[in-house]
Amino acid sequence: MSPVPQGQLMLSNTETIPGFTIAQTLGLVTGSTVRAKNVFKDIGAGFKSVVGGELRAYTELLQEARNEALNRMMQDAMSRNANGVVNVRFATSSVAGGAAELFAYGTAVIVQ
Amino acid sequence: MAEDSVASVILAVFIPLFFVLLFAFGPYLLSAVVGTFHQRGLQKRLDIRKQVTLSSLPIDPIHSLSRPANVNRPIQGSGLVMANLSISPSWWQMFVVSIHSLFGGNITTLDSVIRWGREEVIQRLREEALNQGWDEVINVRLETAMIRKSSNASNRKDRGAAMEYLIYGTGVRLSPV
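To keep things clear, this report deals only with the structure shown in the data block. (Residues numbered from 1 in each chain as written. Chains lettered and ligands numbered in written order. Predicted model: local features only at pLDDT ≥ 70, side-chain atom pairs only at ≥ 80, totals over all residues. Heavy atoms only, no water.)

### Thoughts on the sheet that holds strand β3 (residues 53-54) of chain A
Then comes step 1: Taken together, the four strands give an open sheet; going across it, the order is β3(A)-β1(B)-β3(B)-β2(B), and neighbouring strands pair in antiparallel fashion. A single partner strand is all that each edge strand has here, and the edge strands are β3 of chain A together with β2 (136-148) of chain B.
Then comes step 2: Summarising the sheet, β2(B) and strand β3 (residues 162-174) of chain B pair through ten bridges and their orientation is antiparallel. Directly across from Ile138(B), in β3(B), lies its bridge partner Thr170(B).
Then comes step 3: Together, β3 of chain A together with β1 (75-88), β2 and β3 of chain B form the strand contacts of helix α3 (residues 111-132) of chain B, whose direction differs from that of β1(B) by roughly 150 degrees. (Pairing = 2+ DSSP bridges. Helix = DSSP H or I, 4+ residues; strand = E, 2+ residues; numbered from the N terminus. Contact = heavy atoms within 4.5 Å. Axes fitted to C-alpha atoms, helices over the stretch in contact; angles between N-to-C directions.)

The following block contains the structure:
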């Protein structure tokens, strides 16, 4: 079994962090962010949807927003002195026209 | 003189009618022709990328089991891997869908773009995992979210719909045997 990395938060969407055992569970940690889309990018995406395929502006926007939500979740976990978050899940929902909420949640744990 | 008036009536009626039809359906025709070629090209490039990646590996590195498929090698490290993609059908496809939804049934016109989107995002996860140096990605989950809905009744301008695919899993690094 490899040593536990110091000062680093390990993320996993499985029940445990592969290769380690959970010593203590610290409860649910969450992070969320709401993003609205840029009008100019939206117009560009509108043109792109004439032919279909990838809308790169949306892909990047949602990627940034999801990373932000994930960072907030990790800060929540670190404030509880966790060194890992297991069973990470994502959820997306569209609130008021043109804005989306990106949500990340998981269980903070101390592994050894 | 009768022939002249017939000709002028034809000119006065059919030429404006032609332009009206062109402006009304021209974008859809353009969308049908260019969109089909564009999407076919995307699928073709994806197939090549997929073949190149898979042929360089003994097994497909991503799967949805909760532990590594290779049980003989101990786990050295792990981390979260994600990839996402937002796609939209073409205007033409949305138009066909709106016709289809009157009668119901199988909508084959959307199959191509939906299938491309799913395969593309799976391939992106594969590439992301290889870039980050993971040997396998376990517990892969795929999620779909509607990020933009077409509203063809209330607002004629907004003909596009968009959906987002998110794929994530836990990358594991295995020790060499």
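### Topic: the side chain of Ser88(B)
Then comes step 1: Inspection of the secondary structure puts Ser88(B) in strand β1.
Then comes step 2: For Ser88(B), a relative accessible area of 0% gives the class buried. (Buried < 20%, exposed > 50% of the residue type's maximum accessible area, 1.4 Å probe, protein only.)

### Structural notes on the sheet that holds strand β2 (residues 22-36) of chain A
Residue and element names in this part refer to chain A.
Then comes step 1: Across the sheet, four strands lie side by side as β1-β4-β5-β2; this open sheet has mixed pairing. The open sheet has two edge strands, β1 (10-11) and β2, and neither has a second partner.
Then comes step 2: Most of the contacts of helix α2 (residues 56-79) go to β2, to which it runs at about 145 degrees, and overall it touches β1, β2, β4 (84-95) and β5 (99-111).

### As for the packing of aromatic side chains
Residue and element names in this part refer to chain B.
Then comes step 1: By the definition in use, this model includes six aromatic pairs over all chains.
Then comes step 2: Ring centres 5.5 Å apart and planes at 75 degrees place the aromatic pair Phe18 and Phe19 in the edge-to-face group.
Then comes step 3: By relative accessible area, which is 42% here, Phe19 ends up partly exposed.
Then comes step 4: Consider the rings of Trp92 and Phe95, whose centres lie 5.9 Å apart with planes at 35 degrees: the pair is tilted. Residue Trp92 and its partner Phe95 are located together in helix α2 (residues 91-103), separated by three residues, close to a single helical turn.
Then comes step 5: Residue classification places Trp92 among the partly exposed positions, given a relative accessible area of 32%.
Then comes step 6: Judged by relative accessible area, which is 29%, Phe95 ranks as partly exposed. (Phe/Tyr/Trp six-rings, centres within 6.5 Å; stacked < 30°, edge-to-face > 60°.)

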